[in-house]
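Chain residues, written in single-letter form:
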Amino acid sequence: MARKSTDILIAGAGIAGLTAAACFAQAGYSVTLAAPSAPRRDKTQGDQRSTAFLDPAIALFSEAGLWADLVPHAQPLQELHITDTVGWPPQIRDSRAFASEAPGTPPLAQNLMNWRIADVLLNALELLPNVTLHWGAGFASMVTREREALVQLTDGTGLRARLVIGADGRESAVREAAGISAEISRFGQKALAFSVTHPEPHRNISTEVYNQGGPFTLIPLPDEDGTPTSAVVWMNPGPEAQRLQTLDAQAFSAEATTRSAGLLGPLTLASPRALFPIITLRAKALTAQRTALIAEAAHVVPPIGAQGLNTSLNDLAALLHTAAPETLGARQHLDAYEKSRARDVAARVAAIGLYNRLTRSGLPPLQSLRLSGLKAVADVPPLRRAVMKAGMGG
Ligand SMILES: Cc1cc2nc3c(=O)[nH]c(=O)nc-3n(C[C@H](O)[C@H](O)[C@H](O)COP(=O)(O)OP(=O)(O)OC[C@H]3O[C@@H](n4cnc5c(N)ncnc54)[C@H](O)[C@@H]3O)c2cc1C
């Protein structure tokens, strides 16, 4: 059977895979994107997470001509508030605000629903003549050699590619086929992702409310029919998260309101609730012959500080900017990619994993440490600047 040739085979159609397809196609490469199913692009069936895009991600979308179509659906985030609470109902112990230091500077981030991002990206991909979207079949196996990879999809399709990009998520089949192992830590926590409406305006402030079990994070979204709306990520021990997911909407809204310390008034559930296990994962290498891993195939972090997908888009920017038509997928391209990303990925996975361990604890000494850490980061200017810079993707 003749194999179709493509410059790049991308496995996975999460936000990372879709963005990778658009960026490499805009740069002139032929791209085939394969995934078991097309992403859902509507509010009720689509991805219930939101993503607060930081400056480097926005720069990448702008470079690929995508930001103009995304920005109408984005809500700017001007400030991040961290509120520390103890007990139940949560009592506020202290709170700190983080904002850009210079007046008139752009927002800290721009928040969009993931299902909406998928819709905009798919609209763009469908118009690009050098993109083939192959739905209904995932990556199955490959044989690599110096000049190419011979890939087999799960429906039997065979492809020849100069570069295989594994954007196929935390259980990555590409990572396994490339023989790259991964270090995984489990925390016994799960995150609920959903949206709420509320009577008080969010004033473009994202708020992380800490208590034992992990943070409850309110992230501003555009108003829905004139009603203030926020995305929420609520982390809990696994069984508690499952209990919350099965509550009826009214009881769930009441518990969410209590957990939010009433900061935005009574919350009303406005979407389905999606549940995600919390882990850290780091692939031991980002590349193998003719293969590069990006996004959750390469690293997973707990959903704190809007780092996961932003780090993933930093991977993509590095892979794109180290590519050249003559050396695409060759060792020198892959070495340059690995070199530019390995340290940052390792540092972020370690730091966010440790932060999650410390902040979720109900033990009084660790709760005191959480409070003193918050005060130190907020009140000591050099530390505050360093953390802001790292958090903003620097
Ligand atoms: C609750 C929550 C909130 C978050 N909030 C933020 C935030 O504010 N900011 C931020 O930066 N990050 C955030 N993140 C992280 C971010 O959402 C994820 O990192 C990101 O969505 C993962 O994208 P991905 O494309 O790597 O993986 P996925 O979205 O998991 O996509 C994987 C894709 O691979 C496909 N696939 C699976 N197997 C195969 C195969 N064999 N072959 C081909 N395709 C395959 C799947 O069908 C899917 O299309 C959050 C995460 C969670 C859990």
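Here, every reference points to the structure presented above.
Residues numbered from 1 in each chain as written. Predicted model: local features only at pLDDT ≥ 70, side-chain atom pairs only at ≥ 80, totals over all residues. Heavy atoms only, no water.

**Overview of the sheet that holds strand 7 (residues 109-113)**
Argument step 1. As summarised here, the arrangement of the three strands in space is 3-7-4, forming an open sheet in which the pairing is antiparallel. Edge positions in the sheet fall to strand 3 (50-53) and strand 4 (75-77), since each of these pairs with one other strand and no more. Neighbour to neighbour, the strand axes of the sheet diverge by 30° on average, direction disregarded.
Argument step 2. Taken strand by strand, helix 4 (residues 114-126) contacts strand 3 and strand 7, and its axis lies near 85° from that of strand 7. (Pairing = 2+ DSSP bridges. Helix = DSSP H or I, 4+ residues; strand = E, 2+ residues; numbered from the N terminus. Axes fitted to C-alpha atoms, helices over the stretch in contact; angles between N-to-C directions. Contact = heavy atoms within 4.5 Å.)

**A look at the site of the ligand**
Argument step 1. Every one of the 31 residues lining the ligand counts as a neighbour, but Ala13, Phe139, Glu296, Leu309 and Asn310 are closest to it.
Argument step 2. Gly12 has a polar backbone atom sitting 3.3 Å from a nitrogen atom of the ligand.
Argument step 3. Residue Ala52 places a main-chain N or O atom 3.3 Å away from an oxygen atom belonging to the ligand.
Argument step 4. Considered on its own, the ligand offers 1,000 Å² of accessible surface; in the complex 85% of this is hidden by protein.
Argument step 5. Among the elements of the structure, helix 1 (15-26), strand 2 (31-35), strand 3 and helix 8 (308-321) are those that each provide at least two residues to the shell around the ligand.
Argument step 6. Here the residues of the shell around the ligand are counted per class, giving 18 nonpolar, 10 polar and three charged.
Argument step 7. Residue-level mapping places the shell around the ligand at the junction of two domains, with at least three residues from each of domain 1 (4-47 + 115-184 + 281-356) and domain 2 (70-112 + 185-277 + 359-391). (Near = heavy atom within 4 Å. Polar contact = N/O pair within 3.5 Å; in protein donor to acceptor, adjacent residues only side chain to side chain. Areas by Shrake-Rupley, 256 points an atom, 1.4 Å probe, with all protein chains shown as cover. Nonpolar A, V, L, I, M, F, W, Y, C, P; charged D, E, K, R; others polar. Domains from an automatic or database assignment.)

**A few points about unusual backbone geometry**
Argument step 1. For the peptide bond that leads from Trp88 to Pro89, omega is -5°, which places it in the cis range.
Argument step 2. Although it is not a glycine, Asn204 adopts a positive phi angle of roughly 60°.
Argument step 3. Topologically, Asn204 is positioned in the loop between strand 12 (182-197) and strand 13 (205-211).
Argument step 4. Even without glycine at this site, Ala295 takes up a positive phi of about 60°.
Argument step 5. Along the polypeptide, Ala295 turns up in the loop between strand 19 (291-293) and strand 20 (299-300).
Argument step 6. Given a relative accessible area of 6%, Ala295 falls into the buried group. (Buried < 20%, exposed > 50% of the residue type's maximum accessible area, 1.4 Å probe, protein only.)

**Digging into the packing of aromatic side chains**
Argument step 1. By the definition in use, this model includes six aromatic pairs.
Argument step 2. Measuring from centroid to centroid gives 5.0 Å for Phe53 and Phe61, while their planes differ by 80°, and the two rings are edge-to-face.
Argument step 3. Its relative accessible area of 0% is what places Phe53 among the buried residues.
Argument step 4. Centre to centre, the rings of Phe194 and Phe252 are 4.9 Å apart; their planes meet at 75°, and the pair counts as edge-to-face. Linking Phe194 in strand 12 with Phe252 in helix 7 (residues 249-259), this pair joins segments that are 58 residues apart in sequence. Summarising the burial analysis for this pair, Phe194 and Phe252 share the class buried.
Argument step 5. Of the aromatic side chains, those joined through ring pairs into one cluster are Phe194, Phe216, Trp234 and Phe252.
Argument step 6. Directly above the ring of Phe252 sits Arg273, whose terminal nitrogen or CZ lies 4.6 Å from the centroid. (Phe/Tyr/Trp six-rings, centres within 6.5 Å; stacked < 30°, edge-to-face > 60°. Lys NZ or Arg CZ within 6 Å of the ring centre and 35° of its normal.)

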